[in-house]
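# Fold and geometry: a report
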Amino acid sequence: MKILVVDDFSTMRRIVRNLLVELGFSNPLIQEADDGNNALTMLRASAFDMVVTDWNMPNMTGIELLQAIRAEPKLKGLPVLMVTAENNREQIIAAAQAGVNGYIVKPFTAVTLKEKLDKIFERLAASGASA
Amino acid sequence: MNATMPLMDESMPPEVLALLNSADGTAFEQALDTMVRQREQHLFRALGVLARDLHGAVSRLGSDLANEGMPDSMADARNHLAEVLEMSSKAAHRSLDFVDRMRPEAEALSANAAAVLDFNSSETDPAAVLARQAQVFAAACGEGLNDMVLVQSWQDLAGQRVKKVVGFIESVESSLMELVRLTGALAGREAPVEVAKVSSQDEVDRLLSEFGF
């Protein structure tokens, strides 16, 4: 499974990558971007299976990236998990309205990450089966 | 105003009292205007002095901090905060390097112990007992390393807080300058063109001097 990790802090990208590998995802298939603009360029250039993004980033924020993904026919079905320090009601609602698949508030545990990922894949499998 | 009604207010200046009691409406209004304007000028001058004092206090604070080896300008403060981000990021990466180095070691220990147990799974043989202990230790290390990775995410959170503080400092600075601009405009001097952002101490001093503070 090809995953794109988007965060402006290199530490956080590395932590998320580390956790994903720990959860059994293949390290070489995980790629990184440091803001929404670069992420979008990478998503357009090659096929990914999932995006894990921060909210607060320069140039293009996570919510803008999510909206851009949902607006593009080729990308709109891509699962997006937000991993962010933004935890106020309005922002969570905005992410939900923009069509986020999961939302994790930092700091989080590996257990939380696993739970949210499992839930995303369960829902995708269910919607795939009913379609 | 009924000029025949006696005015008893002793607190009014005598010239206003006299005008109030006179029949000359225009002279009365002019006197009133002058009085109001004088009072406004006093108020604005007082505001100006206040802004000047505030600016002085901020400057003194800046130089006091400089004497303590602390930043003495907004630019310095921002640089210091950038250094904090850089240092905490380096520390987090070194911890993650350590995890990357130790994880395979723990996995290898666990695998080696399993190989020993395949060969000798006795409950009492010291080699088998040690192999089991090694497996428990390797598993505990793996969990500990995972926790250590997660703890590093505080660096990211702390970094975001620092970035917000930088933004707050900038907004306080520009609000203060906006206040100076407004008080200057109210004091009857021509207001300078829109102050977008004042970044250096020189610019602050220049702006203040435009209003005679």
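This one's a predicted model, so the numbers in the text were calculated from it and none came from an experiment.

Calculation criteria
Residues numbered from 1 in each chain as written. Chains lettered and ligands numbered in written order. Predicted model: local features only at pLDDT ≥ 70, side-chain atom pairs only at ≥ 80, totals over all residues. Helix = DSSP H or I, 4+ residues; strand = E, 2+ residues; numbered from the N terminus. Buried ≥ 20, exposed ≤ 12 C-beta atoms within 10 Å, placed from the backbone. Contact = placed C-beta atoms within 7 Å. Pairing = 2+ DSSP bridges. Right-handed = clockwise from strand over helix to strand, strands pointing away. Axes fitted to C-alpha atoms, helices over the stretch in contact; angles between N-to-C directions. Core = buried A, V, L, I, M, F, W, Y, C linked by C-beta atoms within 7 Å. pLDDT = per-residue confidence, 0-100. Parallel < 35°, antiparallel > 145°, perpendicular 65-115°, else oblique. Left-handed = near helix turned anticlockwise from the far one by under 90°. Nonpolar A, V, L, I, M, F, W, Y, C, P; charged D, E, K, R; others polar.

## Here's the deal with the overall build of chain A
A count of helical and extended segments in chain A gives 5 helices and 5 strands. Out of the 131 residues in chain A, the part that is buried amounts to 37%. A separation threshold of at least 6 residues defines the contact pool for chain A, and within that pool the share at least 24 residues apart is 61%.

## A short note on the overall build of chain B
When its secondary structure is counted, chain B shows 6 helices and 0 strands. Residue pairs at least 24 apart in sequence account for 56% of intrachain contacts in chain B once pairs closer than 6 positions are excluded.

## Topic: the interface of chain A and chain B
Contacts between chain A and chain B engage 15 residues on the former and 15 residues on the latter. The element contributing the most residues to the side of chain A that touches chain B is helix H1 (residues 10–22) of chain A, with 8 residues.

## Here's the deal with the pairing of strand S2 (residues 30–33) of chain A
All names here are of chain A. Pairing geometry for strand S1 (residues 3–6) and S2, over 4 bridges, is parallel. By the bridge assignment for S2, Leu-4 is matched with Gln-31. Read from S1 through H1 to S2, the crossover connection turns out right-handed.

## Description of the sheet that holds S2(A)
All names here are of chain A. Taken in spatial order, the 5 strands make up an open sheet running S2-S1-S3-S4-S5, and their pairing is parallel. If you trace the sheet from one side to the other, it starts and ends with S2 and strand S5 (102–105), each paired once. Pairwise comparison of adjacent strand axes, ignoring direction, gives a mean angle of 20° for this sheet. Taken together, the 3 bridges between strand S3 (residues 50–53) and strand S4 (residues 80–84) define a ladder with parallel strand orientation. Counted as the bridge partner of Val-51 is Val-80 from S4. Relative to S1, helix H2 (residues 36–45) is tilted by about 165°, and along the sheet it contacts S1, S2 and S3.

## Remarks on the pairing of S5(A)
Residue and element names in this part refer to chain A. As defined by bridge partners, S4 adjoins S5 across 4 bridges and the pair is classed as parallel. Across the sheet, residue Met-82 finds its bridge partner in S5, namely Tyr-103. After leaving S4, the chain enters helix H4 (residues 89–97) and then returns to the sheet as S5, a path that is right-handed.

## Concerning the nonpolar core
Residue and element names in this part refer to chain A. Counting 35 residues, the largest nonpolar core has Leu-4, Val-16, Ala-39 and Val-52 as its most contacted members. If you tally residues by element for this core, the top one is H1, at 5 residues. Not counting the four nearest positions on each side in its chain, Val-16 is found in contact with Val-5, Val-52 and Val-83.

## Some details on the environment of B:Val99
Structurally, B:Val99 is set in helix H3 (residues 74–119). Excluding its chain neighbours within four sequence positions, the residues that come into contact with B:Val99 are B:Leu145, B:Met148 and B:Val149.

## Some thoughts on the confidence of the model for chain B
Residue and element names in this part refer to chain B. Of all residues in chain B, 67% have pLDDT values of 70 or greater, and the mean over the chain is 76. Ranking the helices and strands of chain B by mean pLDDT puts helix H4 (residues 126–151) first, with 93, and helix H6 (residues 201–210) last, with 59. Confidence drops under a pLDDT of 50 for residues 190–196, and excluding neighbours within four residues, the segment shows 10 contacts in the predicted structure. If you check the scores for this complex, the pTM reads 0.65 and the ipTM reads 0.74.

## A closer look at the packing of H2(A) against helix H3 (residues 62–71) of chain A
Residue and element names in this part refer to chain A. At a closest axis distance of 9 Å, the pairing of H2 and H3 adopts a crossing angle of 25°. Classified by the angle between their axes, H2 and H3 sit roughly parallel to one another. You can see that H2 and H3 cross each other, and the crossing is right-handed. Contact residues: H2 offers Gly-36, Ala-39, Leu-40 and Leu-43, while H3 offers Gly-62, Glu-64, Leu-65, Ala-68 and Ile-69. Here the residues of the contact of H2 with H3 sort into 6 nonpolar, 2 polar and 1 charged.

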